[in-house]
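This is what each chain is made of:
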Amino acid sequence: MKRSTIPVSYGVLIAIGLIIYFLLLSLIGVQTNPVFSLGNGVIVAIGLYYALRNYKREKGNRFEYQKGFMAGLLTGFNATILFTMFFAVYVTHLNSDFLPAMLENWSSHYHVGVGIVVFVAAIMGFATTFVLTLSFMQLFKESWNTKKQKKTTAIEA
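Draft legend 1. Quick look at the environment of Leu 48. The topology assignment puts Leu 48 in helix H2 (residues 38-59). Measuring from C-alpha to C-alpha, the distance between Leu 48 and Leu 132 comes to 7.6 Å, with 84 residues separating the pair along the chain. Excluding residues within four positions of it along the chain, Leu 48 makes contact with Ile 14, Gly 72, Thr 75, Gly 76, Thr 129, Leu 132, Thr 133 and Phe 136.

Following this line, the structure appears as structure tokens:
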């Protein structure tokens, strides 16, 4: 059976969208403002929706909820892993001033290093993927509702 390439291709596209969005935010100097991370959710949502829609089209009447759910998770996880790798390189090599500027907004008595920030970015991506995949699969699954049928009794039969 042929494996679908949708999780990989859409995962890469979502990651590219996230990277471009992040770089645009850094060009205008607002990449440390947490409000703009909502844009990440929008990018992931659009990418996951189209990935699941195309996956359902690819499978046709062989579409199964579990496999569609896994396709959505794999798509988002691929995007998250790629973006997290970019983010780790950005924070450590491309803009070493990013982390102190971002942590200025947080009131913390703990030492927060690069590893924790990258880990939190990955967890946020995985959580966003999970929630959006659950939500979108409600749109793409087949309904289990059946039409009401007239109940027949033993006397009528």
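Draft legend 2. The packing of helix H1 (residues 6-28) against helix H3 (residues 65-94), seen in detail. Look at H1 against H3: their axes get within 7 Å of each other, and the N-to-C directions meet at 35°. Taken as a pair, H1 and H3 cross one another with a handedness that is right-handed.

Draft legend 3. Seen up close, the environment of Pro 100. Secondary-structure assignment places Pro 100 in helix H4 (residues 98-103). Distance from Pro 100 to Thr 32, taken between C-alpha atoms, is 9.7 Å for residues 68 residues apart in sequence.

Rules used in this analysis
Residues numbered from 1 in each chain as written. Predicted model: local features only at pLDDT ≥ 70, side-chain atom pairs only at ≥ 80, totals over all residues. Heavy atoms only, no water. Helix = DSSP H or I, 4+ residues; strand = E, 2+ residues; numbered from the N terminus. Contact = heavy atoms within 4.5 Å. Axes fitted to C-alpha atoms, helices over the stretch in contact; angles between N-to-C directions. Left-handed = near helix turned anticlockwise from the far one by under 90°.

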